[in-house]
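Geometric and topological summary
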Amino acid sequence: MEKTIYIRMRNRVQVPPEGKVLLKDAAQMIATEGVLHDLQSMEIYQLKKEDGNIVVIDIMKVIRLITARFEDVEVQTIGPAQTIIEVVAKKKGVSIPFFLLIWFLLFFGSAMTLMNFHDDVSMKSVQEKIYTIITGKKEAKPLLFQIPYSIGLGLGMILFFNHVFKKRINDEPSPLEVEMFNYQMDLDNYVILHENKESMKRVHDD
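Rules used throughout
Residues numbered from 1 in each chain as written. Predicted model: local features only at pLDDT ≥ 70, side-chain atom pairs only at ≥ 80, totals over all residues. Heavy atoms only, no water. Pairing = 2+ DSSP bridges. Helix = DSSP H or I, 4+ residues; strand = E, 2+ residues; numbered from the N terminus. Axes fitted to C-alpha atoms, helices over the stretch in contact; angles between N-to-C directions. Phe/Tyr/Trp six-rings, centres within 6.5 Å; stacked < 30°, edge-to-face > 60°. Parallel < 35°, antiparallel > 145°, perpendicular 65-115°, else oblique. Contact = heavy atoms within 4.5 Å.

**Let's talk about the sheet that holds strand β1 (residues 3-9)**
One open sheet accounts for 3 strands, arranged β4-β1-β7; its pairing is mixed. Two strands bound the open sheet, and with one partner strand each, they are β4 (27-30) and β7 (73-78). Neighbour-to-neighbour, the strand axes of the sheet open up by a mean angle of 25 degrees, direction not taken into account.

**Focus: the packing of aromatic side chains**
Inspection of the entire model under this criterion finds 4 aromatic pairs. Measuring from centroid to centroid gives 5.2 Å for Trp-103 and Phe-107, while their planes differ by 10 degrees, and the two rings are stacked. Here the residue Trp-103 and the residue Phe-107 both occupy positions in helix α4 (residues 96-120), the gap between them amounting to 4 residues, near one helical turn. Aromatic pair Tyr-131 and Phe-145: ring centres 6.4 Å apart, planes at 85 degrees, arrangement edge-to-face. Here Phe-145 lies in helix α6 (residues 143-161) and Tyr-131 lies in helix α5 (residues 123-135), a separation of 14 residues in the sequence. Cluster of aromatic residues (ring-pair linked, three or more members): Trp-103, Phe-104, Phe-107 and Phe-108.

**Considering the packing of α5 against α6**
Axis angle and axis distance: for two packed helices, these are the angle between their axes and the distance between the axes, and together they describe the pair. Relative orientation of the contacting elements α5 and α6 amounts to 125 degrees, with a least axis distance of 9 Å. When the interaxial angle is binned, α5 and α6 end up oblique. Taken together, the residues of α6 that come into contact with α5 (itself represented by Met-123, Lys-124, Gln-127, Ile-130, Tyr-131 and Ile-134) are Leu-144, Phe-145, Gln-146 and Tyr-149.

Shown next as structure tokens:
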């Protein structure tokens, strides 16, 4: 009697260097209990040094392995047709000098950017004019506007990025997270098209 196996490939899987990729790592499966146990322990790829840090597993390779082991089975695929295997090495500890250097560059780079922007739009003269219009007095340093503006600028950045250090303010993703997600999707699509050997074929003239 023909059995049906339902498989949904994962988008991305992280595996240590030279590790084994099992089918249960690369895909979600629905099958009968006996078949499912064998499927989960099935090895579909062995990482090698020459593979680099990205390997693409195509669903056609998985189907060939399944049909070679099990007779009279029907494989139904759902979702993506490839899984990106990302080789992840053991994380090293954070270097304090390197962290301080990056912090220094980001802090002063951001400060210079804000100062140059405010200078380009003449923020100081605008605040002076608003102060004069409201109070009728001229003030070279209208702290009544400058101090609340500085505080509001920091609060606005926190609300924009939706984070206070590592704590998220609400469940809505920030614009930066959306852009990073779009970048990751474009990167995955590029890898699938250019690193997947199953998706490319060169036909040579005889």
